[in-house]
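Overview (structure and organization)
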Amino acid sequence: MANMIDYKEKVLQVKNLKKYFRVGSGKRKLNIPAVDGVTFDIYKREVFGVVGESGSGKTTLGRTIIKLYQPTDGTVTLNNIAISAGILSYQEEIERIKKQLADDITSLDPLKIKAIDLRRKKELVISGLKKELINLEKDKLIEVTASTKQYDQFRADQYRTKALMTIDLQKVIFDYNQQVMKTNQRLQNESLLKYKNEVKIATLKRDNKLEGLQDSAALEKETIKQRIEVLNKDHQFFLLKLKETYQPQIDADAKNVLTKQQVNTLILGFAKDKNQKVMAIKADYQKQLKNLVEPDKTSYTKEKQKTEQKFAILKKEIEQKIVDANKSLNLEISKLPKSTTSNLKNPEIQAKITQLKTSANLKIRELKAKLSDAKRVNQSGDTLKESQKMQMIFQDPISSLNPRMTVKEIIGEGLIIQGKLSKKEIEKKVAQSLELVGLSPEYASRYPHEFSGGQRQRIGVARALIMDPNVIIADEPISSLDVSIRAQVINLLFALREKLGLTILFIAHDLSVVRFFCDRIAVMYNGKVVEMAPSEELFKNPMHPYTVSLLSAIPQPDPDYEKNRQRIHYNPRQHQYLTDLPTLQEIGPNHHVYANKAEFELMKKQYESVSKSTEKKGKVKA
Amino acid sequence: MAEKILEVKDLAISFKTQYGILQAIRGVSFDLFRGETLAIVGESGSGKSVTSRAIIGLLAGNSIYENGEIIYQNRDLTKLPEELFHEIRGSRISMIFQDPMSSLNPIQPVGQQIAESLIFKSGMPKDLAKKRAIELMAQVGITDAEKRYFQFPFQFSGGMRQRIVISIALANNAEILICDEPTTALDVTIQGQILELINQLKIDRKLSVIFITHDLGVVANMADRIAVMYAGKIVEIGKAEEVFYNPKHPYTWALLSSMPNLATSNRLDAISGTPPNMIFPPKGDAFAERNKFAMAIDFEQQPPLFKVSDTHYAATWLLHPDAPKVTLPEAVVTLQKNRGKIK
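Residues numbered from 1 in each chain as written. Chains lettered and ligands numbered in written order. Predicted model: local features only at pLDDT ≥ 70, side-chain atom pairs only at ≥ 80, totals over all residues. Heavy atoms only, no water.

**Description of the confidence of the model for chain B**
So the rule is basically this: The pLDDT value tells you how sure the predictor is about a given residue, anywhere from 0 up to 100.
Mean pLDDT over chain B stands at 87; residues scoring 70 or higher make up 97%. Predicted complex, confidence summary: ipTM 0.80, pTM 0.72.

**A word on the packing of aromatic side chains**
Applicable threshold: Pairing of aromatic rings covers Phe, Tyr and Trp, the last counted by its six-membered ring, and requires centre-to-centre distances within 6.5 Å; plane angles under 30 degrees mean stacked, over 60 mean edge-to-face, and any other angle means tilted. Each helix corresponds to a stretch of at least 4 residues labelled H or I by DSSP, and each strand to a stretch of at least 2 residues labelled E; elements are numbered beginning at the N terminus. Think of it in three bands: residues with accessible area under 20% of the maximum for their type are buried, residues over 50% are exposed, and the middle band is partly exposed, with areas taken using a 1.4 Å probe on protein chains only. Any Lys NZ or Arg CZ that is within 6 Å of a ring centre and within 35 degrees of that ring's normal is treated as a charge sitting over the ring.
One pass over the full model with this rule turns up 19 aromatic pairs over all chains. Ring geometry for Phe21 of chain A versus Tyr69 of chain A: centroids 5.4 Å apart, planes at 90 degrees, classification edge-to-face. On the criterion of sequence distance, the pair formed by Phe21 of chain A in strand S1 (residues 6-23) and Tyr69 of chain A in the loop between helix H1 (58-65) and strand S4 (73-78) is long-range, its members being 48 residues apart. Residue class for Phe21 of chain A comes out partly exposed when judged on its relative accessible area of 27%. Between Phe494 of chain A and Phe517 of chain A, the ring centres sit 5.2 Å apart and the planes meet at 85 degrees, which makes this aromatic pair edge-to-face. A residue pair is termed long-range when its members are at least 10 positions apart, and Phe494 of chain A in helix H14 (residues 483-500) and Phe517 of chain A in helix H15 (residues 511-517) qualify at 23 residues. Assigned by exposure class, Phe494 of chain A and Phe517 of chain A land together as buried. Of the aromatic side chains, those joined through ring pairs into one cluster are Phe494, Phe506, Phe516 and Phe517 of chain A. In this arrangement the basic side chain of Lys274 of chain A is found over the ring face of Tyr176 of chain A, its NZ or CZ atom lying 4.5 Å from the centre. The lysine or arginine in question, Arg89 of chain B, covers the ring of Phe85 of chain B, its NZ or CZ lying 4.8 Å from the ring centre.

**A look at helix H7 (residues 188-205) of chain B**
Residue and element names in this part refer to chain B. What counts is decided by this rule: Multiply 1.5 Å by the residue count of a helix minus one, and that product is the helix's expected span.
Taking 1.5 Å per residue, 18 residues should reach 26 Å; H7 reaches 26 Å between its end C-alpha atoms and fits that length. For H7, the set of buried residues is Val188, Thr189, Gln191, Gly192, Ile194, Leu195, Leu197, Ile198, Asn199, Leu201 and Lys202. Looking at the residues trailing H7, positive phi occurs at Lys206, about 55 degrees.

**A word on the sheet that holds strand S5 (residues 75-76) of chain B**
Residue and element names in this part refer to chain B. Just so we agree on the cut-off: Strand pairing is assigned whenever DSSP identifies at least 2 bridges connecting the two strands.
Pairing is antiparallel in the open sheet, where 4 strands are placed in the order S2-S1-S4-S5. Two strands bound the open sheet, and with one partner strand each, they are strand S2 (20-33) and S5. Sheet analysis places strand S1 (residues 4-17) next to S2, joined by 11 bridges and oriented antiparallel. Looking at the pairing, Glu7 lines up with Asp31 of S2.

Next up, the structure:
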C-alpha cells in the first residue's frame, strides 16, 4: 500500500499551527493552547494518523485545518494555496519590540534599575515566608489527627458491632416473614383454585362460541346443531383431561390444608422462636459492646491542646518575620534617591532614544503589513473555493445528521449551497455517492432515523465524498460505533482510498486501528506533536517516553500477553526544559521526536543500537 | 471449585414496547464464584446490560420477568420485594456505570456523595462517615483526599470521576461488583489505571466482578471466565484461555477477527448485516443469517449448549458429532499460534 503514495506531491501542509481558546473573563481570563505549534506535511494518497488522549488537541487540530476554527497562528496550505493563516506571532512580535524599546530606554537610567531589583527581592523573601506558613498548617493537621486516632478506632468498632447486629436481626425477621407467608398460603388448596380458574376460562370460551353459532344466519339449522354437539363434546373432553392432570396435585395439596386455628398456633410458635433468636442476638452483641474499652478522653484532649498551642507559637513567629522583612525592605526602597527626568535630558542620551524609536517603528510597520495579509487570506473567495476540496467525517453518526432532513438533502447540501448544478444533476450525484459507500440509491428519500449506526456513518462518508475532495479529515469516525460495525466502516474507508486516491487525515485514540489503517502516525500530547513516524516504525521503535507509555497501555485480545503486560507510566515532569528548549528533530528516516539536545543525544544512541540489532536479525533471516 | 456466590438460572426477560413484546434475554444461565471476574461480551442489544440490571434489580418499568431465577444467599432476587432489595443493592451488590459524569450529582461535593451512602445505608454517624469517605478516596488513588472531599464533580477529570464512582460502589463492602462498560468513555492510559484499580480491589476484598464490555482487549486483561452473548442468549461460555485460544462458536470467531490487534495487517473480516430484531426473533439460531458457516439446521432449530470441556460450553450445531469440519478463520489461527507473543 505504501507504494501508492506519491512522495513528491505535498497535498496538505500545516506549518506551526496554533489554536488558543480564550476562557473566563476579567482577572480569570486565560488563553488555553489547545494546539500549540504543529507542523507536518501530508503527501498525496497518504493516510496520516493523529493519535492522542482526549484533551491532547487532536480534534481541535482537525477542525482548525478545515477552518471550523480560526487559527491563532501558523498557516495551512492545501494544494499549494494558503487557505488559512493566524496572526498571533505577528502580534506577539510587535508586543515584544514595544517592550524591548521601553526596556532599552529604562536601561539608560541606572537608578530605575536598582529600584526594580529591590522590589523583586522583597517579593521573593515574602513569598518564601508565606510558603513556610502553609507547610506549618499541613504539619499541624497531621499531628492533630494522629492524637485522636485511638478514640476514632473505638467509635468505629462500636459502630461496626451495631451494624452487624442490625444485619443479623434483619435476616431473622426476613425468615420469619417468609414462614408466615407460606403458612398463610396453606389455608387454601392452591391447586384446586388453579383448577377452578381454568375450568371457568374454558366454559367462558365455550359460551362465547355457542352464542356466535346460535345467532349465525349463514348456516342451516342442521349444521348448527351438529356443530354445537361437536363443541360440547370437545368441551367435555377438555374438562375431563383437566381434571385428570390436576387431580393428583389437588389430592396432594389437600393433605396440606390447615384450619385457621392451626395456622394461628403455628404462627405463634414461629413468633416465639423469632423473639428468642432476637433476644439471643441482642444479648450477644451487648456483651461484645461491653468488651470494647473506651480510651481516656481527657488525655487526648490535653494532647490536642498542647500541639495546638505549640503550632500557634510557631505561627506567630513566622508572621512577625514577615512584618519585619516588609519594614526593612520598604525602608531601603524609600532611601533610594528619586530618579528625575533631568537624567535623561542629556543630549547624547536623547539622540540614542530617538534612534531606537525609529528602528522599532520601522519593524512594527512591516509586521503590520504581514498581519493584514494573513487576515486577507482567511476572507478571500479563492481560499474558500480551494478549501471545498477538503471534507470532514464526524465522530457521532447520530448527532452529525440533521434528523429533519432526508438523506438526499443531507448529502446534496454542499452542492445545493454551491449552486452550480441543477436539481436533477444533484440527485444523480447523490445516487452515485450512495452507491459508492455501499448503500442503495433508493434510500435517498428516507430520514436518518431509519438507518442503523453503521449505515448512518456511511451517509456521513457519502456527504464528504460528493464534493470530490482531495483530502478527507476523519475525526474518530469509528469510535462511537459497535464492534462488528467498526470493521465494516474501516473496510469501506480502505476501499474508497484505493478507488478514489484519497488523502486522509485520520484522527483517533484507538492505537490498534491506527496502526492497521495509517501510513504515518503523529502522536500528540498537550497540543504538541511529540513523535511522528511511519506506523510500523513507530510501533517497533518508539522513542518519546509518552509514546512508549501509550503503546504499553493498549490491551490486546490475548490473555497470555495481557498477564505479562506492564503499563509504563509517563511523567511530564521528567523533562528538564527550563534552559534547553525542546524541538521536533529528525532521529531516523522520516522519524521525528520532540526533544531537547541532551535528550536527543541519548535517544539517538538508543535508536542506533536498536536499528543495528534489527538489521542483524534481518541478515540472519535472509 | 470456589464458593458459588450468585446463580442465574434460565433467566428470560421481555420488554413491552409500542411495537410489541421485545425479548431481551431468552434463557440465560451462569454461576458466579467468589473472587472471580466474569466478563460478558457482545454487541449492543445482545442483552448484556439487561442481565446485569436484572441482578441488581434496576430494570425499567416496562420489563416482564418471563422465566427463571437469580439466586443470591438462598433468595430469589427476581421475586424479592423492593423494600427488601434495599439491603442488598449497594451494600451487597454494587454497580458502576459507563458514564461517570451522569452517575454523580453535579451540585453536591463528591466527598459528601460517598459519605451519604455510608450514612443512609448503614447509619454511620456523620463525622465518622466523613473520615471513612476520605480513607476510601485515598484507597482508590485520589491524592489530597482531604481537600478534594469538598470539590464538585466538574472539578475532576473523567478517570478521577470514575474512581469516585468506584469508591461509592465499594463504600459498604459489597461482595459483588457489576461494571457496565466502566472504561468505554475513558482514554487508553486512564483506562489502564482504572482496570488496575479494579483488579487490585478485587484481590484485596475478594470481590466477585461481573464485567460488561465489547472491547476484547479489556476482556483479555480482566476476565477469569468469559460469556459471549448474542441476541439474548449465551452462545459461548468458558475460561478466558479457552474462549480466546480455542473458540468454538462462529460468533466468537467473527468477534475475534473483526477487531484489529497489533499483529493484524490484512483487511478485517467484518460481520455483515445487523443483529436480528428481537420483537420477532428468528426461528432457528439467531446468528445464522450473518454466519458464514451456517448449515440448513441453523435456520430451523436452535442449537443447545454443547459441552467442550468441564468449564467450556458453546451453542452451535458445528459441535454436533454429525457436523462437517470447518476451517477456522485466519485471525483465530494466528491468535492460537502467536499466543502471548504479540509485538
